[in-house]
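# Secondary and tertiary structure notes
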Amino acid sequence: MSIDFKNIIKPYPSPIITGRGIDLDFPMLAGCLALLGLGLVMITSASSEVAAVQSGNTLYMMIRHLVYLVIGLGACIVTMMIPIATWQRLGWLMLIGAFGLLIMVILPGIGREVNGSMRWIGFGAFNVQPSEIAKVFVVIYLAGYLVRRQKEVRESWMGFFKPFIVLLPMAGLLLMEPDFGATVVMMGAAAAMLFLGGVGLFRFALMVGLAVAAVTILVQAQPYRMARLITFTDPWSDQFGSGYQLTQALIAFGRGEWLGVGLGNSVQKQFYLPEAHTDFVFSVLAEELGVVGSLCTVALFVFVCVRAMYIGLWAEKAKQFFAAYVAYGLAFLWIGQFLINIGVNVGLLPTKGLTLPFLSYGGSSLVICCACLGLLLRIEWESRTHLGSEEMEFSESDFAEEPNHGR
């Protein structure tokens, strides 16, 4: 009896393994790679002073970021090779895994405390932020729920409230870290997915009202949150106290003017602006590249987020509803983090510790963003080629036609 090893090791078709070579959504890929490249440049510039003092090497943070970037691109390739049907089947396991990670991070001896928050699990020289993973796993689980219970979600109150049996405990675990920003982003993306899933306007309005009330209570429950809320409206009233970060960020924007002071010439990164290479990297970018550079960066983010929404729309038109909801959810995660981070940097929102997708220094955020990019590229490819079923038999003829990138 002979064994056909060629068929055994033959990889499952994916956007990077087809009969005609690489078949990707190049506009989406180009937009994200541009952000990743810009992020590497800005991390190199914004972290140079901090890295020199902490490690004696001005390129220390850049090297670490480059390692994370390589890992992230590897994660992107891996996710592109996994059929969307597999993610749908594993939704429950991912949800359980998300709960497990969020419980682990608040346990003494496992979670690592940084700046008063237990948001990381340490693995030697590297930290993993479970909230970044949990947000994506929640999107995948909720997309599966919306497909399984579509009629119930649209027509009954029970179908509307069931997801919150899962979402509220997870939000509670995030608040115990505490990570208020991640909680807002996750719940916001979930609410948007429910709305796109067909929840009635009255029920959606009720959910928004309850969410606003919950946020108000949570802000008033912690003095530091209330102080941030009061301070951001007039940071100059306590310039060297609670308003210090915001005032230094605004100074960076002011120094940048139209064309910036030049790449690498930021003054605010020299220990004036805290977290210059993480939460406030956009302020350093504005100082060095000016209004023009800032607006080009915002335009890149808008393009990537809108493209992600269109990928969801194309999947929905191809009747691949699970893939469509995943794409919408990932887009809303990016939009939420983008709006909050930029809003904090320019003083429109209270200070929150949320990274800027693709741009900020932070291994977990960068790797997860790249993995999400891989998911979106896979969704776009499956919806365009109509090869979204894992059980479908493939042959070379399925890939014989030229790719259509007319979208």
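Residues numbered from 1 in each chain as written. Predicted model: local features only at pLDDT ≥ 70, side-chain atom pairs only at ≥ 80, totals over all residues. Heavy atoms only, no water.

In the annotation of an unreviewed UniProt entry, the chain is listed under the name Probable peptidoglycan glycosyltransferase FtsW and assigned to Pseudomonas spelaei. Taken directly from UniProt, the Pathway (unreviewed entry) text for the chain runs: "Cell wall biogenesis; peptidoglycan biosynthesis." (UniProt positions renumbered as here; feature names shortened; annotations may be inferred.)

Once that is clear, we can look at the overall build of the chain. Counting its secondary structure elements, the chain contains 16 helices and three strands. Expressed as a percentage of the 407 residues in the chain, the buried residues total 50%. Considering only residue pairs separated by 6 or more positions, the chain has 70% of its internal contacts joining residues 24 or more positions apart. As displayed, the chain offers around 18400 Å² of accessible surface, 68% of which is attributable to carbon and sulfur atoms. (Helix = DSSP H or I, 4+ residues; strand = E, 2+ residues; numbered from the N terminus. Buried < 20%, exposed > 50% of the residue type's maximum accessible area, 1.4 Å probe, protein only. Contact = heavy atoms within 4.5 Å. Areas by Shrake-Rupley, 256 points an atom, 1.4 Å probe, with all protein chains shown as cover.)

With 99 residues, the main nonpolar core has Met-28, Leu-330 and Trp-334 as its most contacted residues. When residues in this core are grouped by element, the largest group, 15 residues, is from helix α15 (residues 321-346). Contacts of Met-28, omitting those with residues within four sequence positions, involve Val-304, Arg-307, Ala-308, Ile-311, Trp-334, Leu-373, Leu-376 and Leu-377. (Core = buried A, V, L, I, M, F, W, Y, C linked by side-chain atoms within 4.5 Å.)

Here we take up the packing of helix α4 (residues 60-80) against helix α16 (residues 363-385). Orientation of α4 relative to α16, taken along the N-to-C sense of each, is 25°, at an axis distance of 7 Å. With respect to each other, α4 and α16 are oriented roughly parallel. Our pair here, α4 against α16, has a crossing hand that is right-handed. Taken together, the residues of α16 that come into contact with α4 (itself represented by His-65, Tyr-68, Leu-69, Ile-71, Gly-72, Leu-73, Ala-75, Cys-76, Thr-79 and Met-80) are Gly-363, Leu-366, Val-367, Cys-370, Ala-371, Leu-373, Gly-374, Leu-375, Leu-377 and Arg-378. Partitioning the contact of α4 with α16 into residue classes produces 14 nonpolar, five polar and one charged. (Axes fitted to C-alpha atoms, helices over the stretch in contact; angles between N-to-C directions. Parallel < 35°, antiparallel > 145°, perpendicular 65-115°, else oblique. Left-handed = near helix turned anticlockwise from the far one by under 90°. Nonpolar A, V, L, I, M, F, W, Y, C, P; charged D, E, K, R; others polar.)

Since one α-helical turn is 3.6 residues long, residues separated by three or four positions face the same way. End to end, α16 covers 33 Å across 23 residues, agreeing with the expected 33 Å (1.5 Å per residue, within 8%). By the criterion of burial, α16 is predominantly enclosed, with 23 of the 23 residues buried. At the C-terminal side of α16, His-386 shows a positive phi close to 60°. (Expected span 1.5 Å × (residues − 1).)

Quick look at the packing of aromatic side chains now. In the structure shown here, the tally under the stated rule is 10 aromatic pairs. Measuring from ring centre to ring centre gives 5.3 Å for Trp-92 and Tyr-141, while their planes differ by 70°; the resulting arrangement is edge-to-face. Of this pair, Trp-92 sits in helix α6 (residues 91-105) while Tyr-141 sits in helix α7 (residues 130-148), placing them 49 residues apart in sequence. Feature note: the residues Trp-157, Phe-160, Phe-161 and Phe-164 constitute an aromatic cluster, connected by ring pairs. (Phe/Tyr/Trp six-rings, centres within 6.5 Å; stacked < 30°, edge-to-face > 60°.)

Our next topic: the sheet that holds strand β1 (residues 111-114). Strand order in the open sheet formed by three strands is β1-β2-β3, and the pairing between neighbours is antiparallel. What marks the edges here is a single partner per strand, and that holds for β1 and β3 (126-128). Going from strand to strand, the sheet's axes swing by 55° on average, the running direction of each strand aside. (Pairing = 2+ DSSP bridges.)

Opposite charge on two side chains lets them pair, provided their charged atoms get close. Within this structure, the stated rule accounts for nine salt bridges. Arg-378 serves as the salt-bridge partner of Glu-382, at 2.8 Å between the closest nitrogen and oxygen. With Glu-382 and Arg-378 both in helix α16, this residue pair falls four residues apart, about one helical turn. By relative accessible area, which is 2% here, Glu-382 ends up buried. Two residues, Glu-380 and Arg-384, come together in a salt bridge whose shortest N-O distance is 2.8 Å. Pair noted here: Glu-380 and Arg-384 are both in helix α16, with a separation of four residues, about one helical turn. Exposure class is identical for Glu-380 and Arg-384. Each is buried. One network of salt bridges, in which partners are shared, links Asp-23, Glu-380 and Arg-384. (Salt bridge = Lys/Arg side-chain N within 4 Å of Asp/Glu carboxyl O.)

Between helix α13 (residues 244-256) and α15, the least distance of the axes is 7 Å, while the angle of their chain directions is 85°. One way to sum up the angle between α13 and α15 is to call them roughly perpendicular. Within the contact between the two elements, α13 uses Leu-246, Ala-249, Leu-250 and Phe-253 and α15 uses Val-344, Asn-345 and Val-346. Its residues placed into classes, the contact of α13 with α15 shows six nonpolar, one polar and no charged.

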